[in-house]
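# Residue-level structure breakdown
Spelled out, the chains give:
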Amino acid sequence: MILAQLSDFHLSSTNPERTERLARAIGHLMAQDPRPDAVVVTGDVADRGEPAMYAQAAKQLSLLSMPIFAVPGNRDWTEPFRESLAPWCGQVENGFLNHVGEMGDLRLIGLDSRRPGSQQGQFSPQSKAWLEARLAEQPDRPTVLFLHHPPFRTKLRNGSIGHQIEGVEALEALLRQYPNVVQILCGHLHRIYAVPVAGIIATSAPSVAYQAIVEHWHEKEDADIRPTATLHYWTDGQLISRLSW
Ligand SMILES: [Fe+2]
């Protein structure tokens, strides 16, 4: 089975080309043969919380024929995200939009990693309690964790190296108890990374909207970049991941 990942659309009324890029990425997934069996969306759907942009995202996502599971990113606003993407996201609980799905025998746990008022994320006590409960439900079932902020060290906006998630140590400790978690899928970085976290491969997906220049972490947009999806092939108990455009 194939799990597709789309991330970081950053739709904005002042950047209409990003909606075009999302449309192309979605057309690309629908043109695959075979088509992906499910799609995860790892946040930053809209850039500034504009309800009209969430409506545009919903219009595009509704063209996908497979199940979609979405979590928000630091740029996303809870209410318009929830209102427009209701078929594909969870209920608001303690301010978070966590979500659980599945693709065949693979369980998909979506964690809302936002920290209000911050570009960086958090693994909050509420999120910890929620994730502990979900993982305990099916400890033997192969599971993918997907969230916006990567739980590994990267270059931060101030140029230093550090964690994108506050409280990441608690997440690592929890994951060490669940070897059934096969991969961690993230967004946020607008670049592909692959880093082990608690012995599990964590990957960040490229952005549909634009790719970041890692050396400076400035969001310099590359007009030539193609809207990029990530395809994760669920094969013999492991995910084999590659880019697709
Ligand atoms: Fe982000």
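The coordinates are above.
Let us look at the structure shown here. (Residues numbered from 1 in each chain as written. Predicted model: local features only at pLDDT ≥ 70, side-chain atom pairs only at ≥ 80, totals over all residues. Heavy atoms only, no water.)

### Quick notes on the coordination of the iron ion
Inclusion rule: The rule for donors is simple: an N, O or S atom within 2.8 Å of the metal counts, and for Na, K and Ca the reach is 3.2 Å. Water is not among the atoms, so a site may look short of donors. Only two sets of limits are used to name each site, 85 to 135 degrees for every angle of a tetrahedral four-donor site, and over 155 degrees for opposite donors with all other angles from 65 to 115 for a square planar four-donor or octahedral six-donor site, with any other site named irregular. The way it works is that DSSP assigns letters per residue, a run of H or I at least four long becomes a helix, a run of E at least two long becomes a strand, and they are numbered from the N terminus. Buried, partly exposed and exposed residues are distinguished by accessible area as a fraction of the type maximum, computed with a 1.4 Å probe on protein chains only: under 20%, between the cut-offs, and over 50%, respectively.
Protein coordination at the iron ion: the donors are Asp44 (OD), Asn74 (OD1), His148 (NE2) and His188 (ND1), at 2.1 to 2.2 Å from the metal. Around the iron ion, the four donor atoms are arranged such that angles at the metal cover 84 to 169°; this shape is classified as irregular. For the iron ion, the donor residues sit on a single chain with the sequence spacing D-x29-N-x73-H-x39-H. Taken as a pair, Asn74 in the loop between strand E3 (68-71) and helix H3 (78-84) and His148 in the loop between strand E7 (143-147) and strand E8 (153-155) lie far apart in primary sequence, 74 residues in all. In this structure, Asn74 and His148 share a single accessibility class: buried.

### Concerning the packing of helix H1 (residues 17-30) against helix H2 (residues 51-61)
Each pair of packed helices can be described by the angle between their axes along with the distance between the axes. Stated formally: Lines fitted to C-alpha atoms define the axes here, with helix axes fitted over just the stretch in contact, and angles between the N-to-C directions of these axes take values from 0 to 180 degrees. Should an angle fall under 35 degrees it is called roughly parallel, over 145 degrees roughly antiparallel, and 65 to 115 degrees roughly perpendicular, with every other angle called oblique. Here is the rule for handedness: rotate from the far helix to the near one, and if that takes an anticlockwise turn smaller than a right angle the crossing is left-handed, while a clockwise turn gives right-handed. Throughout, a residue-residue contact means that at least one pair of heavy atoms, one from each residue, lies within 4.5 Å. Three classes are used: nonpolar for Ala, Val, Leu, Ile, Met, Phe, Trp, Tyr, Cys and Pro, charged for Asp, Glu, Lys and Arg, and polar for all others, with Gly counted as polar.
One can describe the packing of H1 onto H2 by two numbers: an axis separation of 10 Å at closest approach and a directional angle of 20°. Relative to H2, the element H1 is oriented roughly parallel. For the element pair H1 and H2, the recorded crossing hand is right-handed. For the pair formed by H1 and H2, the contact residues are Thr19, Leu22, Ala23 and Ile26 on the first element and Gln56, Ala57, Gln60 and Leu61 on the second. Considering only residue class, the contact of H1 with H2 consists of five nonpolar, three polar and no charged.

### A look at the sheet that holds strand E2 (residues 38-42)
Rules: We treat two strands as partners when DSSP finds at least two bridges between them.
Sheet architecture is open: five strands sit in the order E3-E2-E1-E14-E15, paired in mixed fashion. Two strands in the sheet have a free side with no partner beyond their single neighbour: E3 and strand E15 (238-244). Each strand of the sheet is rotated relative to its neighbour by a mean of 20°, with strand direction disregarded. Each of strand E1 (2-6), E2, strand E14 (229-235) and E15 touches H1; the most contacted strand, E1, lies at about 175° to it.

### Here's the deal with the packing of aromatic side chains
Heads up, the condition is: For Phe, Tyr and Trp, where Trp contributes only its six-membered ring, two rings pair if their centres lie within 6.5 Å, and the inter-plane angle classes them as stacked under 30 degrees, edge-to-face over 60, or tilted in between.
Following the criterion strictly, the structure yields two aromatic pairs and no others. Arranged with centres 6.1 Å apart and planes meeting at 70°, the rings of Tyr54 and Phe81 form a pair that is edge-to-face. Taken as a pair, Tyr54 in helix H2 and Phe81 in helix H3 lie far apart in primary sequence, 27 residues in all. When the centroid spacing of 5.9 Å and the interplanar angle of 35° are considered together, the rings of Phe152 and Tyr193 count as tilted. With Phe152 in the loop between E7 and E8 and Tyr193 in strand E12 (residues 193-197), this pair connects stretches of sequence that are 41 residues apart. Overall, Phe152 belongs to the buried group, its relative accessible area being 2%.

### What about the environment of Glu166?
Rules: Here a polar contact means two N or O atoms within 3.5 Å. Within protein one must be a hydrogen donor candidate and the other an acceptor candidate, and residues neighboring in sequence count only if both atoms are side-chain atoms.
Take Glu166: it is sitting in strand E10 (residues 165-166). Classification of Glu166 by relative accessible area gives partly exposed; the value is 44%. Here Glu166 is in contact with Arg115, Gly121, Gln122 and Phe123, once residues within four sequence places are set aside. Separated by 3.3 Å, the side chains of Glu166 and Arg115 make a polar contact.

### Looking at unusual backbone geometry
Between Asp33 and Pro34 the backbone carries a cis peptide bond, its omega angle lying at 5°. Along the polypeptide, Pro34 turns up in the loop between H1 and E2. Positioned with a positive phi, His10 is a non-glycine residue whose angle comes to about 50°. In this fold, His10 is placed in the loop between E1 and H1. Residue His10 is classed as buried on the basis of its relative accessible area of 2%.

### Some words on helix H4 (residues 125-137)
Put simply, the rule reads: Expected helix span is given by 1.5 Å per residue-to-residue step, counting one fewer step than there are residues. Within this analysis, the arc is defined by the directions that extend from the helix axis to the C-beta atoms.
Over its 13 residues, H4 runs 19 Å from end to end, which matches the ideal 18 Å to within 8%, given 1.5 Å per residue. Regarding H4, the residues found buried are Ser127, Trp130, Leu131, Arg134 and Leu135. Projected down its long axis, H4 shows its buried positions confined to an angular sector of 125°, all on one face.

Everything listed here is a matter of geometry and, on its own, says nothing about what the molecule does.
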